[in-house]
Amino acid sequence: MKDKGWAVLVLLCLAQFMLIIDITVVQVALPTIGTDLALTREALTWVVTAYTLCFGGLMVLGGRLADAVGARRTMLAGLALFTLSSLLCGLATTGSLLVAGRALQGVGAALLSPSALALITTTFEGERRNRALGVWAAIGGTGAALGVLLGGVLTAGPGWMWVFFVNVPVGVILLVAIPSLVTAGSPHGKRQRLDVPGALSITLATALLIYGLVTAGDAGWSAWATLVPLLGAAVIYGGFVLIERTARNPLMSAETLARRPVISGTFVMLLATGLMLGLFFLSSLYLQHVLGFSALRTGLTFLPVAIAITLGAHLGGHLIGKIGGRPIAVAAFVLTAVGAALMTRISPDTSAYTTLLPGFVIAAFGIGPAFVTATTTTMANVPHGETGVASGVINTFHELGGSIGVAVVSTVAATGLAPDVAAGAGGIGGFTSGLTLCAVAAGVAAVISLVLVPKGRPAAAFVGHGH
């Protein structure tokens, strides 16, 4: 049984690995995708955000569905959808088809990820469960590192479509192997009504927010095309709060959402993920469109950045139990601000290895501990009965933060992402504006963390390595 249990762990981690890789692997392939499919700045932004938007917005619903109908059944459904939508992405000949495929990938990921984690917690017990969860947690950093490298290799080799095609054989193998090793089990507890309106409302509100932010880059902040979706997002966010207050089984308990540790954790996670994906988005387009880097060279350039995030997270996990979450959060955002500020020195006449890369590595090293702080300080400071809901909230904002961050930097850097610049005109004002915004946002986050993040050291049981 033990050997079978570890075989199950390998399969479940491989499934999660695909989901994590799909966030960073596309960042490297993005400029080539944009050129081949003649995508606008807005479309490029949605290629990134459609995935994280649906992944984050529907993740808690996916976890609740796993409890209601069974984790194995939910996971296999998510895996099948993720595999089929990966095939659709690879076959896409237009931006619309690609964005639709990315959205479906996000839905599949939202079903797969929480149910796979639930299967791990039921397959293992005691110390073996702790070791299994440790392996699961390590996937985030490994996936980020291999994602940028794999994105470069596949895009430079067989083509960007293989960034998606590679998921298909892996998905098919998992669909065949998992049912023979993982028992079906029974749904946990009584059948409960799922809060579908809550999941759809937060996803729709965030989609409108992103649409408004992206539109502002070209239409301006005072244009109706910008104001209407932003206003719609605000109204639907308000509706989400009302839904959660009145729902019999709310997606996110209003009482839990109002707790200071949860507010703090979501704030830190939102900013950290937004900064991470925003910096990757700008850097990938700058390196390939302005400096003429190949996809492979870009992936190799990003490798130390991905490793820095992992090292920072491990250091944060080691220190947070000794000095507490607040100083870790402040230091993390200060490092990120310094790194992003150094990245503004970019110029087509200077090497990216002396301007962009050192600052990006410093910023990434700071982002890692921020992930740890968001997760650890939240889980250590909410009542025991609310840890599941709090974890779902943090995971949701981990994905939504990336969507919002990419949308914001895309809008601010709109002039640098215009077609004439992409063709090599050399204007980098938009890129430096986007990087400057990241530096300012990280600095402001450091000041807010000084007040918002709970004091004290979390118990050892809650110390982890974040995402």
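Residues numbered from 1 in each chain as written. Predicted model: local features only at pLDDT ≥ 70, side-chain atom pairs only at ≥ 80, totals over all residues. Heavy atoms only, no water.

### Brief notes about the overall build of the chain
Broken down by element type, the chain carries 17 helices and 0 strands. Taking 467 residues into account, the globule formula puts the C-alpha radius of gyration at 23 Å, and the chain, at 21 Å, falls close to it. Each principal axis of the C-alpha distribution contributes one length, and for the chain these read about 60 × 50 × 45 Å. Within the chain, the fraction of its 467 residues that count as buried is 55%. A fraction of 83% describes how many contacts in the chain between residues 6 or more apart in sequence connect residues 24 or more apart. About 17,900 Å² of surface is accessible on the chain, with carbon and sulfur atoms providing 69% of the total. In the chain, 23 positive and 15 negative side-chain charges are present, and the distance between their average locations comes to 11 Å. (Helix = DSSP H or I, 4+ residues; strand = E, 2+ residues; numbered from the N terminus. Rg over C-alpha atoms; globule rule 2.2 N^0.38 Å. Buried < 20%, exposed > 50% of the residue type's maximum accessible area, 1.4 Å probe, protein only. Contact = heavy atoms within 4.5 Å. Areas by Shrake-Rupley, 256 points an atom, 1.4 Å probe, with all protein chains shown as cover. Lys, Arg positive; Asp, Glu negative; His and termini not counted. Charge placed at Lys NZ, Arg CZ, Asp CG, Glu CD.)

### A few points about the environment of Ala 332
Among the structural elements, Ala 332 can be located in helix α13 (residues 325-343). According to the relative accessible area criterion, Ala 332 is buried, its value standing at 2%. Spatially, the C-alpha atom of Ala 332 lies 9.9 Å from that of Ile 362, the residues being 30 residues apart in sequence. In this structure Ala 332 touches Gly 366, Pro 369 and Ala 370, once residues within four positions along its chain are discounted.

### Topic: the confidence of the model for the chain
Counting all residues, the mean pLDDT for the chain is 85, and 90% of those residues have values of 70 or more. Averaged pLDDT values over the elements of the chain bottom out at 45 in helix α16 (residues 419-425) and peak at 95 in α13. This stretch, residues 420-426, has a pLDDT under 50; its non-local contacts, to residues over four places away or in other chains, come to 10 contacts. (pLDDT = per-residue confidence, 0-100.)

### A few points about the pattern of salt bridges
Within this structure, the stated rule accounts for 2 salt bridges. Measuring nitrogen to oxygen at the nearest pair gives 3.1 Å for the salt bridge that ties Arg 102 to Asp 22. Of the two residues, Arg 102 is situated in helix α4 (residues 95-123) and Asp 22 in helix α1 (residues 2-37); the sequence distance between them amounts to 80 residues. With a shortest N-O distance of 3.9 Å, Glu 42 and Arg 41 are connected by a salt bridge. For Arg 41, a relative accessible area of 7% translates into the label buried. (Salt bridge = Lys/Arg side-chain N within 4 Å of Asp/Glu carboxyl O.)

### Describing the packing of aromatic side chains
Within a pair of aromatic rings, the relevant descriptors are the distance that separates the centres and the angle that separates the planes. Overall, the coordinates contain 8 aromatic pairs when judged by the stated rule. Pairing Trp 162 with Phe 165 gives two aromatic rings, centres 5.3 Å apart and planes at 80°, and the pair type is edge-to-face. One end of the pair is Trp 162 and the other is Phe 165, both in helix α6 (residues 162-165) and 3 residues apart, which spans about a single turn. What makes Trp 162 partly exposed here is its relative accessible area of 39%. Looking at Phe 165, the relative accessible area reads 15%, which means it is buried. A centroid spacing of 5.1 Å and a plane angle of 65° characterise the contact between Phe 280 and Phe 360, whose relative ring orientation is edge-to-face. With Phe 280 in helix α11 (residues 260-290) and Phe 360 in helix α14 (residues 356-379), this residue pair connects regions lying 80 residues apart in the sequence. Note on accessibility: Phe 280 and Phe 360 belong to one class, buried. In this arrangement the basic side chain of Arg 297 is found over the ring face of Phe 293, its NZ or CZ atom lying 3.8 Å from the centre. (Phe/Tyr/Trp six-rings, centres within 6.5 Å; stacked < 30°, edge-to-face > 60°. Lys NZ or Arg CZ within 6 Å of the ring centre and 35° of its normal.)

### What about the packing of α11 against helix α12 (residues 295-323)?
Across the interface, α11 lies against α12 with an axial gap of 10 Å and an inter-helix angle of 155°. With respect to each other, α11 and α12 are oriented roughly antiparallel. Seen along the crossing, α11 lies across α12 with a hand that is right-handed. Contacts between α11 and α12 involve Met 276, Phe 280, Ser 283, Ser 284, Leu 287 and Gln 288 on the former and, on the latter, Ala 295, Thr 298, Thr 301, Phe 302, Val 305 and Ile 309. Of the residues assigned to the contact of α11 with α12, the class counts are 7 nonpolar, 5 polar and no charged. (Axes fitted to C-alpha atoms, helices over the stretch in contact; angles between N-to-C directions. Parallel < 35°, antiparallel > 145°, perpendicular 65-115°, else oblique. Left-handed = near helix turned anticlockwise from the far one by under 90°. Nonpolar A, V, L, I, M, F, W, Y, C, P; charged D, E, K, R; others polar.)

### Let's talk about unusual backbone geometry
Positioned with a positive phi, Ala 38 is a non-glycine residue whose angle comes to about 55°. As for its placement among the helices and strands, Ala 38 is situated in the loop between α1 and α2 (41-69). A residue is classified by how much of its surface remains accessible, and Ala 38, at 67% relative accessible area, is exposed.

### Quick word on the packing of α13 against helix α17 (residues 429-452)
Their axes nearest at 8 Å, the elements α13 and α17 cross at an angle of 165°. The orientation of α13 relative to α17 falls into the category roughly antiparallel. Crossing of α13 over α17 shows left-handed handedness. Two secondary-structure elements touch here, α13 through Arg 326, Ala 329, Val 330, Phe 333, Val 334, Thr 336, Ala 337, Ala 340, Ala 341 and Met 343 and α17 through Leu 435, Cys 438, Ala 439, Ala 442, Gly 443, Ala 445, Ala 446, Ser 449, Leu 450 and Val 451. Residue composition of the contact of α13 with α17, grouped by class: 16 nonpolar, 3 polar and 1 charged.

### Topic: the layout of surface pockets
Estimates place the volume of the second largest pocket at around 400 Å³. Contributing to the lining of the second largest pocket are 18 residues, with Leu 270, Leu 271, Ile 404, Gly 405 and Val 408 lying nearest its centre. Those elements giving two or more residues to the lining of the second largest pocket turn out to be α8 (196-219), α11, α15 (387-412) and α17. Per element, the largest residue contribution to the lining of the second largest pocket is 7 residues, and it comes from α15. For the lining of the second largest pocket, the class distribution of residues is 14 nonpolar, 4 polar and no charged. (1 Å grid on protein atoms, 1.4 Å probe; cavity = no way out; pocket = protein on both sides within 12 Å on 5 of 7 lines; lining within 4 Å. Points joined across faces, edges and corners; volume = space filled by probe spheres on them.)

### Comments concerning the environment of Arg 193
Residue position: Arg 193 is located in the loop between α7 (167-181) and α8. Placed 147 residues apart in sequence, Arg 193 and Trp 46 show a C-alpha to C-alpha distance of 32 Å.

### What about a nonpolar patch on the surface?
Together, Leu 88, Leu 97 and Leu 104 make up an exposed nonpolar region whose accessible area comes to about 210 Å². Following the sequence through the fold, Leu 88 ends up in helix α3 (residues 71-91). Assessed through its relative accessible area of 30%, Leu 88 is described here as partly exposed. (Patch = residues over 30% accessible without salt bridge, like charges linked within 9 Å, V, L, I, M, F, W, Y side chains within 5 Å.)

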